[in-house]
Amino acid sequence: MNSTPNVDPAELAKFSELAHRWWDPESEFRPLHQINPLRLEWINAQIPLAGKTVLDIGCGGGILSEAMARKGADVLGIDLASKSLKVAQLHALEAAVAKLRYREVSAEDLAIESPGTFDVVTCMEMLEHVPAPSSVVNACAALVKPGGWVFFSTLNRNAKSFLFAVVGAEYILNLLPRGTHDFQRMIRPSELAAFCRSAGLDLHGTRGMEYNPLTRRYWLSDDISVNYLMAVRRPAINRSAA
Ligand code: SAH
């Protein structure tokens, strides 16, 4: 498999177990299906995806990868859970989506193989499942072209996010299987911003994702206290050389 140790096999096992349900919009993956148009439009508003080369790290069954390819991007989705990748590949084949490929490779290994390759890198709902998120952020910085964009989304770590994202989503509303999110691994926006800064990425903007359990709807807002998106850019010119 991959030569880097930045993976938790128990995390991959959780997703592999559910892999056959990735494309069932009423399954455990319902929240991802519901937030997908919101995050897709937000990304596309910062950088129109048509004609861009895009890397989707931790792509799972390909919910976002496929949607970005439909916008006209040339997309490579990577993950380390083979079952999920098989589901993603099959779905892309059935849906006859052009310019969409999947590979089982870690972000860190791909960064060594193909540095500075992608116009856009996305890494959604994945950082909170890896032992060393900063290593993935560094890989993103290496993989994106100078002047390119990187988009992250993850879960904040505070009392409210514990209540909403763990207790509420996993134990009260049963939106997600119990044990999906480990509180210790959730990442504050300030921590993610610090990882980005030390990787040489400039913060461009953040957006919160909110959920109303009564209407069962999600929307984007300025409230980043639970689930949030972050857009960063690799500077176009190497500052030390400038
Ligand atoms: N990004 C997708 C799926 C999020 S679920 C979406 O938002 O729709 C989290 C994904 O991260 C799972 O597919 C899981 O297999 C993957 N993952 C967990 N650890 C990983 C690692 N170290 N490297 C690559 N992918 C990983």
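Below, the structure is looked at part by part. (Residues numbered from 1 in each chain as written. Predicted model: local features only at pLDDT ≥ 70, side-chain atom pairs only at ≥ 80, totals over all residues. Heavy atoms only, no water.)

1. Digging into helix H6 (residues 133–143)
The complete set of buried residues in H6 reads Pro133, Val136, Val137, Ala139, Cys140, Ala141 and Leu143. Buried positions along H6 lie against strand S1 (53–57), helix H5 (107–113), strand S4 (118–124), strand S5 (144–155) and helix H8 (189–198). (Buried < 20%, exposed > 50% of the residue type's maximum accessible area, 1.4 Å probe, protein only. Helix = DSSP H or I, 4+ residues; strand = E, 2+ residues; numbered from the N terminus. Contact = heavy atoms within 4.5 Å.)

2. Description of the packing of H6 against H8
Following both chains from N to C, one finds H6 and H8 inclined at 45°, their axes separated by 9 Å at the closest point. With respect to H8, the element H6 is oriented oblique. As for the relative orientation of H6 and H8, their crossing is right-handed in sense. Seen from H6, the contacting residues are Pro133, Ser134 and Val137; seen from H8, they are Leu192, Phe195 and Cys196. Among the residues forming the contact of H6 with H8, the class breakdown is 5 nonpolar, 1 polar and no charged. (Axes fitted to C-alpha atoms, helices over the stretch in contact; angles between N-to-C directions. Parallel < 35°, antiparallel > 145°, perpendicular 65-115°, else oblique. Left-handed = near helix turned anticlockwise from the far one by under 90°. Nonpolar A, V, L, I, M, F, W, Y, C, P; charged D, E, K, R; others polar.)

3. Comments concerning the environment of Ala13
Examined against the element boundaries, Ala13 turns out to sit in helix H1 (residues 9–17). Classification of Ala13 by relative accessible area gives partly exposed; the value is 40%. Along the primary structure Ala13 and Leu175 are separated by 162 residues, whereas in three dimensions their C-alpha atoms are 19 Å apart.

4. Some thoughts on the packing of aromatic side chains
On inspection of all chains with the given rule, the structure shows 6 aromatic pairs. Ring geometry for Trp149 against Phe151: centres 5.8 Å apart, planes inclined by 5°, an arrangement best described as stacked. You'll find Trp149 and Phe151 in the same group, each marked buried. Centroid distance Tyr211 to Tyr218: 4.4 Å. Interplanar angle 35°. Geometry classified as tilted. Each member of the pair, Tyr211 as well as Tyr218, carries the same accessibility label: buried. Connected via pairs of aromatic rings, a cluster forms that spans Phe15, Trp22 and Phe29. Here the guanidinium or amino end of Lys160 rests over the ring plane of Phe164, the centre of that ring lying 5.3 Å away. (Phe/Tyr/Trp six-rings, centres within 6.5 Å; stacked < 30°, edge-to-face > 60°. Lys NZ or Arg CZ within 6 Å of the ring centre and 35° of its normal.)

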